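A structural walkthrough
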Amino acid sequence: MTASPPQSWRRSATALSLAAPALILMVIFLIGPLVCVILLSLTNYQLGGSTLQLIGLGNYAELAQDPTFQRSLLNTLIYAAIVVPGSVLLGLGAALLIEADSSLRSFYRAVYFLPVMATIIAMAIVWEFMLHPQFGIVNLTLKAIGMQPHDWLHDRTLALFTLCAIGIWQSLGFNMVLFMAGLTSIPSDLYEAAAVDGAHGGLDRFRIVTWPMLGPVTLFVIVITAIRAFQVFDTVAVLTKGGPSKSTEVLLFTMYSEAFSFFRTGYGAAVTVVFLVIVLAFAALKTFFLDRRVHYS
Amino acid sequence: MPAGIERELAIDGSDQRSVPAVSPAPAERLGEVSLHQIAKAFGATRILRGIDLDISPGEFVTILGPSGCGKSTLLRIIAGLSPQDAGTVTIDGQRVDRRPPSERDIAMVFQSYALYPHLTVAQNIAVPLRMRRLNWLQRLPGFRFLPSGVSALTDEIRHDVDRVARMLHIEHLLDRKPGQLSGGQKQRVALGRAMIRSPRVFLMDEPLSNLDAELRVHMRAEIAELHRRLQTTIIYVTHDQAEAMTMSDRVVVMMDGEILQADPPDVIYNNPAHLRVAQFVGSPRINLFPGSTTRDAINVLGERIPLKTALPANTSVQVAVRPHRISLAKDSAGIAGRLVHSENLGSDLLLHLEVSGCADRIVVRTEASTAAMREIGSTVPLSLPPAAVLIFDMDGRRIAASEAITA
């Protein structure tokens, strides 16, 4: 079937008009702001200011010298390096345990998923109570079993790791649900074939069937968790405000304080661009490199 | 290819000694399977009701039945993939009820092939050997680069994989992933994975049902040939009577969780023990006429068929005749049917007749030439040769009958 020129023109016009609403919204709400942020990061604009000057890469040059930003970037990387493996492995473990036995399955699923659905700000306040140095349940429990209590949120060496623990607690349930969906889609034939082929016990089964078959899910979970870890903000803002002495300063919190506390919008925009580059790098790594290695065809 | 069989047989025979046997004495690797009173229920539904079956070493047994008759469940019980509620499975004199599948020395081919999608064809076929010859640590990726003797073992495995790949003509596919293979190629890989460690018994669960018709016919011949070459016991589950009839030494017809008959294909076809066996096997379906016994014959729709049974006179029976055994009579004195449809198969003609007194249409298979001029709606007189008539009681059980010598 061959389409005459007017027909094909009409078809592409139809296609364009159908795609247009989504395209326009995408430009207004996604691409437009992104371009604005990138442009802003090249200026010395201050919030509420009436003038602005293009200063080229000046903001980025300052970022490279800024000890707060360096600290912030390092803290974010440490946070991601702990939260990603922690919540992915624990999420996988929880999913495997829950899938292994059908009793109380939906109860466990709901319990683990609760932190995902709860407002993290509200939950952060609960954590604050629990971690209170004097009457928090964590320290009371530690004292009761004869261990050393700590000031979890105000100790410079501990605060970031405390936030990591809360971060793992928060994203574990989401990862678990994704892994459970992945587990149910593994054909039972494969486990049976593995049993006939000589896979004894859970570890063999996991190595030859579960882990490879979960490849696409695992990759997705890792990338999503990494991006969410880089976005950590709520718990920092509520619990530590970047302190004590910048020990929990993270990228988005730096961006927030530069742009909205010190009103240095241009500088804040530069931090945002750095953040976006990191997140995009993850997405690109997944799409262009890793996806091919986990979809076996 | 026939010239190659001898050579490959020799290769196969010499290699078998290097394969470590799971059972203590390799000499006992015969593949004799016996099932005793196997029962299984899912909730209130009884899937298997006391299955007894003895399979001799090297036999090709097909379990044939409609879907839901319990044949796959039975195979899974033999494999050890699901436990039976009652009864015992014995392989070569050893009860294997409590052993996991891997310790029963069986191999299984699944309907879905169940290949590992992340492994290449060669790696897929090698899995059973790696699981047996290498320990947990040695199977770790990269371990073979350490000086541990593992590389010798992996070379040996690779050699065995090549041997099996040659037998199945899939040497050129060894480096591909299952996702890049056609259905027939996947089927061969699944067979290769089953063959690689020379098990005592092959279990095959509808292995050809995902293939297209032409390939199915081809693979049918190939599996039968493979069996002749390997001489390993095969238990093959299918709902396809053509597969059962063409490949097996013995067909076990199962329905509603029971074995109705276990006999060689020709006996199943010519001498069915139960009406349901007669109806399930054979295409077109066997014809059924109502009948009743007289003192020395069977009365079918007014026609006297000289067959003697042990039944008392005036007992209702079901009379079954295969389509190709009904002959067209010359005069219209006896049974006659009205032609409602005819199908030309080229060599043969299928006449669909409505016979008053019969619930279903009667199908007659006849040579095209003899029935060429019959028109739809015309009356076709039939005769039932006594030798072709099978008699069943009203419950479907076969009634022995002998041709009465008439004066």
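Here, residues in each chain are numbered from 1, in the same order as that chain's written sequence. Just so you know, chain letters begin at A and ligand numbers begin at 1, following the order they were written in. Under the rules for a predicted model, residues below a pLDDT of 70 receive no local features and side-chain atom pairs below 80 are neither given nor counted, while totals for whole chains, interfaces and linings still include all residues.

Looking at the overall build of chain A
For clarity, the threshold we go by: Numbering of helices and strands starts at the N terminus; helices are DSSP runs of H or I of at least 4 residues and strands are runs of E of at least 2. Restricting the calculation to C-alpha atoms gives the radius of gyration, and the globule rule supplies 2.2 Å times the number of residues raised to the power 0.38. Each residue gets a C-beta atom placed from its backbone, and two residues are in contact if those atoms lie within 7 Å.
Of regular secondary structure, chain A possesses 13 helices and zero strands. Secondary structure elements in chain A, listed N-terminal to C-terminal, are α-α-α-α-α-α-α-α-α-α-α-α-α. The C-alpha radius of gyration computed for chain A amounts to 24 Å, which surpasses the reference 19 Å derived for 297 residues by more than 25%, pointing to a less compact arrangement than a globule. Seen along its three principal axes, the alpha-carbon backbone of chain A occupies a region of about 80 × 70 × 30 Å. A separation of at least 24 residues holds for 69% of the contacts in chain A among residues at least 6 apart in sequence.

Re the nonpolar core
Residues and elements named next belong to chain B. Condition: We define a nonpolar core as a collection of buried residues of the types Ala, Val, Leu, Ile, Met, Phe, Trp, Tyr and Cys that are connected via C-beta atoms lying within 7 Å of each other. With C-beta atoms placed from the backbone, a residue is labelled by how many other C-beta atoms lie within 10 Å of its own: buried for 20 or more, exposed for 12 or fewer, partly exposed between the two. Domain boundaries shown here were taken from an automatic or database domain assignment.
Residues Leu203 and Ile235 are the most contacted members of the largest nonpolar core, which totals 161 residues. Structurally, this core is a two-domain feature, drawing no fewer than three residues from each of domain 1 (2-270) and domain 2 (284-403). In contact with Leu203, not counting residues within four places along its chain, are Leu75, Ile78, Ala79, Ile106, Met108 and Ile235.

Quick notes on the interface of chain B and chain A
How big an interface is tends to be stated in terms of accessible area lost as the parts join. Put simply, the test is: Amino acids are sorted into nonpolar (Ala, Val, Leu, Ile, Met, Phe, Trp, Tyr, Cys and Pro), charged (Asp, Glu, Lys and Arg) and polar (every other residue, Gly among them).
On the side of chain A, 16 residues touch chain B, which itself brings 21 residues to the contact. The biggest single contributor to the side of chain B that touches chain A is helix α3 (residues 121-133) of chain B, with four residues. Residues of the side of chain B that touches chain A, tallied by class, amount to 14 nonpolar, five polar and two charged.

What about the confidence of the model for chain B?
Residue and element names in this part refer to chain B. Rule in force here: Across the chain, each position has a pLDDT score giving the predictor's confidence in that residue, from 0 to 100.
Averaged over every residue, the pLDDT of chain B is 84; residues scoring 70 or more account for 88%. When mean pLDDT is compared element by element in chain B, strand β3 (residues 60-64) scores highest at 94, while helix α1 (residues 2-15) scores lowest at 39. Scored below 50 in pLDDT, residues 1-28 makes 19 contacts in the model with residues more than four places away or belonging to other chains. Prediction confidence for the complex, expressed as pTM and ipTM, is 0.78 and 0.77 respectively.

Things to note about the packing of α3(B) against helix α5 (residues 183-195) of chain B
Residues and elements named next belong to chain B. Convention followed: Convention adopted: a line fitted to C-alpha atoms gives each axis, helices being fitted over their contacting stretch, and angles between N-to-C directions are expressed from 0 to 180 degrees. Any angle from 65 to 115 degrees is called roughly perpendicular, while one under 35 is roughly parallel, one over 145 is roughly antiparallel, and all others are oblique. Handedness of each helix crossing follows the sense of rotation of the near helix against the far helix: counterclockwise by less than a right angle gives left-handed, clockwise gives right-handed.
α5 packs onto α3 with a crossing angle of 30° between their chain directions and a minimal axis gap of 7 Å. Here α3 is positioned roughly parallel relative to α5, judged by the angle of their axes. The handedness of the crossing between α3 and α5 is right-handed. Taken together, the residues of α5 that come into contact with α3 (itself represented by Val121, Asn124, Ile125, Val127 and Pro128) are Val189, Gly192 and Arg193. The class makeup of the residues in the contact of α3 with α5 is five nonpolar, two polar and one charged.

Some points on the environment of B:Ala401
All names here are of chain B. Tracing the backbone shows Ala401 in strand β23 (residues 401-403). It is 41 Å that separates the C-alpha atoms of Ala401 and Glu214, two residues lying 187 residues apart in sequence. Setting aside its immediate chain neighbours within four residues, Ala401 contacts Leu307, Lys308, Thr309 and Ile391.

Structural notes on the sheet that holds strand β5 (residues 94-95) of chain B
Strands in a sheet are paired, the pairing made by backbone hydrogen bonds, and the direction either parallel or antiparallel. Residue and element names in this part refer to chain B. This is how it is decided: Two strands are counted as paired when DSSP detects at least two bridges linking them.
Strand order in the open sheet made by the four strands is β2-β1-β4-β5, with antiparallel pairing throughout. Whereas interior strands pair on both sides, the edge strands pair on one side only; in this sheet they are β2 (45-55) and β5. When strand β1 (residues 33-42) meets strand β4 (residues 86-91), the two strands line up antiparallel, connected through five bridges. Bridge pairing in β4 places Ala39 opposite Ala86.

Brief notes about the confidence of the model for chain A
Close reading of the predicted structure is inappropriate where its pLDDT is low. Here chain A shows a mean pLDDT of 85. Residues at 70 or above account for 97%. Least confident of the elements in chain A is helix α2 (residues 58-65) of chain A, whose mean pLDDT is 80; most confident is helix α3 (residues 67-100) of chain A, at 90.

What to know about the pairing of strand β7 (residues 201-205) of chain B
All names here are of chain B. For β7, a buried count of five out of five residues is recorded, marking the element as mostly surrounded by other parts of the structure. In β7, alternate side chains face the same way, and those of Val201, Leu203 and Asp205 on one face and Phe202 and Met204 on the other are all buried. With four bridges connecting them, strand β6 (residues 106-109) and β7 associate as parallel partners. Bridging from a neighbouring strand, Met108 pairs with Leu203 of β7. In the sheet, β7 pairs with strand β8 (residues 233-238) via five bridges, with the strands oriented parallel. In the strand pairing of β8, Met204 is matched with Tyr236.

Quick word on the pairing of strand β10 (residues 258-263) of chain B
The side chains of a regular strand alternate, first on one face of the sheet and then on the other. All names here are of chain B. Of the strand pairs in this sheet, strand β9 (residues 250-255) and β10 are connected by five bridges, and their pairing is antiparallel. Bridge assignment links Met254 to a residue of β10, and that residue is Ile259. Turn length for the β9-β10 hairpin, with the two strands adjacent in sequence and antiparallel, is two residues, and the turn residue Asp256 shows positive phi of about 50°.

Comments concerning helix α8 (residues 188-197) of chain A
In terms of burial, α8(A) is largely enclosed, as seven of its ten residues are buried. Every buried residue belonging to α8(A) is among A:Leu190, A:Glu192, A:Ala193, A:Ala194, A:Ala195, A:Val196 and A:Asp197, and all of these are buried. Packed against the buried residues of α8(A) are α9 (201-213) of chain A together with α2 (71-79), β6 and α3 of chain B. Looking one or two places after α8(A), you find A:Gly198, whose phi comes out positive at around 115°.

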